[in-house]
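Breakdown of the fold
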Amino acid sequence: MKKLIIAFAAVILTLGASAQRGYHGGNRGGYHGRPVYRGRSSVRVSAGLGFYSNPFYSPYYGAPGYYAYSRPSRLSLEVEDIKADYKDKIWSARHDKSLSRSERKKTIHDLKSERDNEIREAERTYYRR
């Protein structure tokens, strides 16, 4: 009886461990990005074990075309344009060796505050319309 309980506990632990999401390589700092969709293997299908036996798990999670993509709003496009412009300006200021370090820091700080003000102004004009 004791061996049967130990074997049952081992099976439960194995199934529980197989249901955990793992790290799929790439960055050592941690998991980044969307989960990787991996197709069903024949062993899992035939045995009825693994992720797909869970009724709350969708095998299509993360697959292309699963989510209904909507067109981004005009505000979000405008904000992305502003951020892209200022990202380039900040990169140029950060790598400008003709300025002293304190002048570079001040220029970068000014550019970031200008960026934030432009984003706020774009939001104001968008919501006033």
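Residues numbered from 1 in each chain as written. Predicted model: local features only at pLDDT ≥ 70, side-chain atom pairs only at ≥ 80, totals over all residues. Heavy atoms only, no water.

**Topic: the environment of Ser102**
Position of Ser102 among the secondary structure elements: in helix α4 (residues 101-128). On the basis of relative accessible area, Ser102 is assigned to the exposed category, the value being 52%. (Helix = DSSP H or I, 4+ residues; strand = E, 2+ residues; numbered from the N terminus. Buried < 20%, exposed > 50% of the residue type's maximum accessible area, 1.4 Å probe, protein only.)

**Quick look at the pattern of salt bridges**
This model, assessed by the stated rule, comprises three salt bridges. Here Asp110 ties to Lys106 by a salt bridge, and the two come within 3.1 Å at their closest N and O atoms. Taken as a pair, Asp110 and Lys106 lie in helix α4 at a separation of four residues, close to a single helical turn. (Salt bridge = Lys/Arg side-chain N within 4 Å of Asp/Glu carboxyl O.)

**Section: the confidence of the model for the chain**
When pLDDT is low, close inspection of the predicted coordinates is not appropriate. Across the chain, the average pLDDT comes to 77, with 60% of residues at 70 or higher. Element-level pLDDT for the chain is lowest in helix α2 (residues 42-47), with a mean of 46, against a maximum mean of 96 in α4. pLDDT under 50 marks residues 41-47. Its contacts with residues more than four places away, or in other chains, come to four contacts. (pLDDT = per-residue confidence, 0-100. Contact = heavy atoms within 4.5 Å.)

**Some thoughts on the nonpolar core**
If you look at the biggest cluster of nonpolar residues, it comprises ten residues: Leu75, Val79, Ile82, Tyr86, Ile90, Ala93, Ile108, Leu111, Ile119 and Ala122. Among the elements of the structure, α3 (74-94) and α4 are those that each provide at least two residues to this core. Apart from residues lying up to four places away in sequence, Ile119 is in contact with Val79, Ile82 and Lys83. (Core = buried A, V, L, I, M, F, W, Y, C linked by side-chain atoms within 4.5 Å.)

**Overview of α3**
Given a rise of 1.5 Å per residue, 21 residues ought to cover 30 Å, and the 30 Å separating the end C-alpha atoms of α3 matches this to within 8%. Among all positions in α3, only Leu75, Val79, Ile82, Tyr86, Ile90 and Ala93 are buried. One side of α3 carries all its buried residues, which in axial view fall inside an arc of 70°. Away from the buried face of α3 by more than 90 degrees, exposed residues Arg74, Lys87 and Trp91 are located. (Expected span 1.5 Å × (residues − 1). Arc of directions from axis to C-beta.)

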